[in-house]
Amino acid sequence: MKEYTKNQLALRNGQDKDDIWVAYKGQIYDVGSSRLWRNGKHYEHWAGQDLTEELADAPHNEAVFEKFKVIGKLIN
């Protein structure tokens, strides 16, 4: 599986490139197919970031990521 840094992930925010990706627990997901992530924003969350710590504030659980394709792994 391809590995990406936080800087590389940050470019996939729906603004700098067409890709809309987020990370969760070390996995990077392509959320661009979701109408809820249009333009790289989902409520108060922005694409191109690691959302692991933010999920606790969401009205859903981590099962939401099962809908999306894993693109790669997040590395430091």
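Residues numbered from 1 in each chain as written. Predicted model: local features only at pLDDT ≥ 70, side-chain atom pairs only at ≥ 80, totals over all residues. Heavy atoms only, no water.

Notes on the nonpolar core
Argument step 1. Counting 13 residues, the largest nonpolar core has Val22, Tyr29, Val31, Trp37 and Phe65 as its most contacted members.
Argument step 2. Grouped together as the second largest cluster of nonpolar side chains are seven residues, Tyr4, Leu9, Ala23 and Ile28 included. (Core = buried A, V, L, I, M, F, W, Y, C linked by side-chain atoms within 4.5 Å. Buried < 20%, exposed > 50% of the residue type's maximum accessible area, 1.4 Å probe, protein only.)

Observations concerning the sheet that holds strand E3 (residues 27–30)
Argument step 1. Taken together, four strands build an open sheet; the order of strands is E1-E6-E3-E2 and the sheet is mixed. What marks the edges here is a single partner per strand, and that holds for strand E1 (3–4) and strand E2 (21–24).
Argument step 2. Here E2 runs beside E3; their pairing, made up of four bridges, is antiparallel. Directly across from Tyr24, in E3, lies its bridge partner Gln27. (Pairing = 2+ DSSP bridges. Helix = DSSP H or I, 4+ residues; strand = E, 2+ residues; numbered from the N terminus.)

Some thoughts on the side chain of Ser34
Argument step 1. Summarising the element assignment, Ser34 is placed in the loop between E3 and strand E4 (41–42).
Argument step 2. Here Ser34 falls in the buried class, since its relative accessible area comes to 14%.
Argument step 3. There is a polar contact of 3.1 Å between the side chain of Ser34 and the backbone nitrogen of Leu36. (Polar contact = N/O pair within 3.5 Å; in protein donor to acceptor, adjacent residues only side chain to side chain.)

Remember, this is a structural readout, not a statement about activity or role.
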